[in-house]
Amino acid sequence: MMKKILIVIGILFIGLAVNAQSSIGKKESPDGSGILDFEADGKSGIVLPWVTTLPTESALTGGVMIFDANLRKVLYYDNTNWVDLSKRVGQVDLTIQELVPESIKRGTVIGALMSSVAGVLVLESSDKALILPKVVSPHLNIVNPMPGTICYDKVKKLVCIYNGNEWTFWK
């Protein structure tokens, strides 16, 4: 598991050095106005950062999405309030985070040389967006999803969020 994470992060860094637009798991450029895109019909999603303290100051801006390990819920900051995307309480094993080396915990910016926002992964663009991984029925096809996993269900045409116990589907 850790080896896969390191490989994905390494590929991401290489892609960032070459192009402001990046793709993971696909040979072609991101679809449409995508700044970051993933292979079609994959079997995994993005795992949001697990936090025990909510972001503040430069780490807090509209659009921030995290998995709050204390509440055990996925939260989204709408520039004013935290919005609960999980509905119900999930579960998480924070001991997994202890395995990540300090050198990997630093943030990465895609789309700009730097950002005023502090985050693990910051996408900076005035005309491009994140394209979520597209998965056919993620609740059936993502084996052992991590708490905070987010993707797009190609069948239901909904955003899917896993809180450690169950999937929540959003239009």
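Bear in mind the structure is a predicted one, so any value in this text is a computation, not a measurement. (Residues numbered from 1 in each chain as written. Predicted model: local features only at pLDDT ≥ 70, side-chain atom pairs only at ≥ 80, totals over all residues. Heavy atoms only, no water.)

Participant: For this particular structure, what's the right way to read the nonpolar core?
Facilitator: Taken as a class, soluble globular proteins show a tendency for nonpolar side chains to be buried jointly. Grouped together as the largest cluster of nonpolar side chains are ten residues: I46, L48, W50, F67, V74, L85, L132, M146, I150 and I161. Leaving out residues up to four positions away in the same chain, I150 has contacts with G45, I46, L48, M65, L132, P133, V159, C160 and I161. In this structure, I142, C151, Y162 and W167 belong to the second largest nonpolar core, which totals six residues. (Core = buried A, V, L, I, M, F, W, Y, C linked by side-chain atoms within 4.5 Å. Buried < 20%, exposed > 50% of the residue type's maximum accessible area, 1.4 Å probe, protein only. Contact = heavy atoms within 4.5 Å.)

Participant: What's the story with the packing of aromatic side chains in this structure? I'm lost.
Facilitator: Centre distance and the angle of the planes are the two values used to describe a pair of aromatic rings. Per the counting criterion, the structure on display carries three aromatic pairs. With centroids separated by 5.2 Å and ring planes inclined at 50 degrees, the aromatic side chains of Y162 and W167 adopt a geometry described as tilted. Residue Y162 is classed as buried on the basis of its relative accessible area of 12%. The class for W167 is buried, based on a relative accessible area of 14%. Above the face of the F169 ring, K156 is positioned so that its terminal group lies 4.2 Å from the ring centre. (Phe/Tyr/Trp six-rings, centres within 6.5 Å; stacked < 30°, edge-to-face > 60°. Lys NZ or Arg CZ within 6 Å of the ring centre and 35° of its normal.)

Participant: Just checking my understanding: could you explain the pairing of strand 13 (residues 158-162) for this structure?
Facilitator: Every regular strand shows the same layout, with side chains that alternate between the two sheet faces. The element strand 13 is extensively covered by neighbouring structure, given that four of its five residues are classed as buried. Where strand 12 (residues 149-153) and strand 13 come together, five bridges link them in antiparallel fashion. Looking across to strand 13, one finds that I150 is bridged to I161. Judged from the four bridges that link them, strand 13 and strand 14 (residues 167-170) form a sheet pairing that is antiparallel. For Y162, the partnering residue across the bridge sits in strand 14 and is W167. (Helix = DSSP H or I, 4+ residues; strand = E, 2+ residues; numbered from the N terminus. Pairing = 2+ DSSP bridges.)

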